[in-house]
Amino acid sequence: MKYIIYPPKSVGEAKLKARFAGRWVVVTGATSGVGEALTLRLIQAQANLLLIARNEARLQALCAQAASNGCQARYRAIDLRQREQLDALCAELREELPQVSYLFCNAGKSIKRSISDSIDRMHDFERTMDLNYRSLVALSLALMPSLRNAQGRIVYTSSVSSRYPFVPGWSAYHSSKCAANVWCRTARKEYKSLGVKVQVAYMPLVHTPMSDVNETYKRMPAYSADEAACVLLRLAMSEKFCYKPWWAI
Ligand SMILES: NC(=O)c1ccc[n+]([C@@H]2O[C@H](COP(=O)([O-])OP(=O)(O)OC[C@H]3O[C@@H](n4cnc5c(N)ncnc54)[C@H](OP(=O)(O)O)[C@@H]3O)[C@@H](O)[C@H]2O)c1
C-alpha cells in the first residue's frame, strides 16, 4: 500500500553535487523534519548554506557539520512570525548574500482546530498566516535582487491538503497555505522575465515531529523526511512548476 500511494523518492549524490556545490542556498525551517533532512542532503552536496529557524543549538550543530564538509554555512535564529525580527533579517540578507541560487521556504506550522473552538484564538490565524504565508513573501521580496543575480529559484513547501475540498478543522492552516499557493502562482508569471523561477511542492503526509503529534497520522503510511527532502530537491532541479502526488487531482 505504502509503495502505491508513496512511491519511493531518492536522488543521487553526484547529481546533487553537480547542481548545488558552491551555490548559496537559503533554507527556512532547517532544524527539524523536512527542512533538516533537506539541509543534511545539501551539506552532502557541499552547498553554501544560510539556515533559518528558532532552535539555535540545532542551527549551530548543522553549521558545524556543514563547515566540516567544506561548505560555507551561516544561520539566523529567529522567529519568522515576529515581524520586526523578520524585517531586520530581510535587510541583513540583502546586504550579506549578493547571489542566492535557491530559497527553500519550508518553515511551517499546522493547526487543527474548528472555527467554533477558536473564539478566543485569533492568534491561531495570525501565526499560521505570518509563518506559512508572510515569511515566504517577505524573504522572497528581500532576496529578489540576489535571486535575480544568480538566476535562482524559490521553492515553497505547500501541502497537498490545500488542494482538497475544504476540510473542517483546518481553516487556519489551509487558508495560509492557499494564500501562499496563489502568491507563488502569481510570482511565477511575474518573475519569469527576471529569470527567477518559483516552484511549489504540494507535499503529502510526511512523518515528522509536526505530523507525528497526531496519533492517527503517525500510524498512516507516509513519506520519510528524507524522501520529502528528495521531492524538494528533484523539483528544484526540474523545469516543472510543481510537484504533486500522482493521486492528487
Ligand atoms: N509533515 C507533513 O505531513 C507535511 C505535509 C505537507 C506539508 N508539510 C509542510 O512541510 C513543511 C515542514 O514541516 P515539517 O513536517 O518538517 O515540520 P517540523 O518537523 O515541525 O519542522 C518545522 C520547521 O519550521 C521551523 N519553524 C516553526 N515555527 C517557526 C517560527 N515561528 N520561526 C522560524 N522557524 C519556525 C521549525 O524550527 P524551530 O522550531 O527551530 O523554529 C522547524 O525547523 C511545513 O511548511 C509544513 O506545512 C508538512
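Residues numbered from 1 in each chain as written. Predicted model: local features only at pLDDT ≥ 70, side-chain atom pairs only at ≥ 80, totals over all residues. Heavy atoms only, no water.

Given a rise of 1.5 Å per residue, 12 residues ought to cover 16 Å, and the 17 Å separating the end C-alpha atoms of helix H10 (residues 225-236) matches this to within 8%. Of all 12 residues in H10, 10 are buried, a share of seventy percent or more. (Helix = DSSP H or I, 4+ residues; strand = E, 2+ residues; numbered from the N terminus. Expected span 1.5 Å × (residues − 1). Buried < 20%, exposed > 50% of the residue type's maximum accessible area, 1.4 Å probe, protein only.)

Moving on, we come to the packing of helix H5 (residues 83-96) against helix H6 (residues 122-142). Look at H5 against H6: their axes get within 9 Å of each other, and the N-to-C directions meet at 25 degrees. By the angle between their directions, the pair H5 and H6 is classed as roughly parallel. The chirality of how H5 crosses H6 is right-handed. Taking contact as the criterion, the partners of Arg83, Leu86, Asp87, Leu89, Cys90, Leu93 and Arg94 in H5 are, on H6, Asp130, Arg134, Ser135, Ala138, Leu139 and Ala142. Grouping the amino acids of the contact of H5 with H6 by side-chain chemistry returns 7 nonpolar, 1 polar and 5 charged. (Axes fitted to C-alpha atoms, helices over the stretch in contact; angles between N-to-C directions. Parallel < 35°, antiparallel > 145°, perpendicular 65-115°, else oblique. Left-handed = near helix turned anticlockwise from the far one by under 90°. Contact = heavy atoms within 4.5 Å. Nonpolar A, V, L, I, M, F, W, Y, C, P; charged D, E, K, R; others polar.)

Another point: the sheet that holds strand S5 (residues 153-159). Taken in spatial order, the 7 strands make up an open sheet running S3-S2-S1-S4-S5-S6-S7, and their pairing is parallel. Every interior strand has two partners, whereas the edge strands, strand S3 (73-77) and strand S7 (242-243), have only one. By the bridge criterion, 2 bridges tie strand S6 (residues 197-203) to S7 in an arrangement that is parallel. Bridge pairing in S7 places Ala201 opposite Tyr243. (Pairing = 2+ DSSP bridges.)

We now examine the site of the ligand. As a matter of local geometry, the ligand sits amid 30 residues, with Ser32, Arg54, Asp79, Tyr173 and Thr208 nearest to it. The backbone of Val34 places a nitrogen or oxygen atom 2.8 Å from an oxygen atom of the ligand. Interatomic distance of 2.6 Å between a side-chain N/O atom of Arg54 and an oxygen atom of the ligand. Here the ligand loses 91% of its free accessible area of 880 Å² to cover by the protein chains. Only helix H3 (33-44), S5 and helix H8 (171-191) provide two or more residues apiece to the shell around the ligand. The dominant element in the shell around the ligand, judged by the number of residues it contributes, is S5, at 3 residues. Of the residues belonging to the shell around the ligand, the class tally is 14 nonpolar, 12 polar and 4 charged. (Near = heavy atom within 4 Å. Polar contact = N/O pair within 3.5 Å; in protein donor to acceptor, adjacent residues only side chain to side chain. Areas by Shrake-Rupley, 256 points an atom, 1.4 Å probe, with all protein chains shown as cover.)

Turning our eyes to something else, we now look at the state of the cysteines. Each disulfide consists of one covalent bond between the sulfur atoms belonging to two cysteines. Across all of its chains, the model carries 0 disulfides by this definition. Cys105 takes part in no disulfide bond, and the closest cysteine sulfur to it belongs to Cys184, at a distance of 7.8 Å. (Disulfide = S-S within 2.5 Å.)

By the definition in use, this model includes 13 salt bridges. Among the salt bridges present, the one from Glu227 reaches Lys2, with a minimum N-O distance of 3.2 Å. Note that Glu227 is positioned in helix H10 and Lys2 in helix H1 (residues 2-5), a separation of 225 residues in sequence. Residue Lys2 is classed as partly exposed on the basis of its relative accessible area of 24%. Note that Asp124 and Arg113 form a salt bridge whose closest N and O atoms lie 2.5 Å from each other. One end of the pair, Asp124, is in helix H6; the other, Arg113, is in the loop between strand S4 (102-105) and H6, with 11 residues separating them in the sequence. The buried category is assigned to Asp124, whose relative accessible area is 2%. (Salt bridge = Lys/Arg side-chain N within 4 Å of Asp/Glu carboxyl O.)

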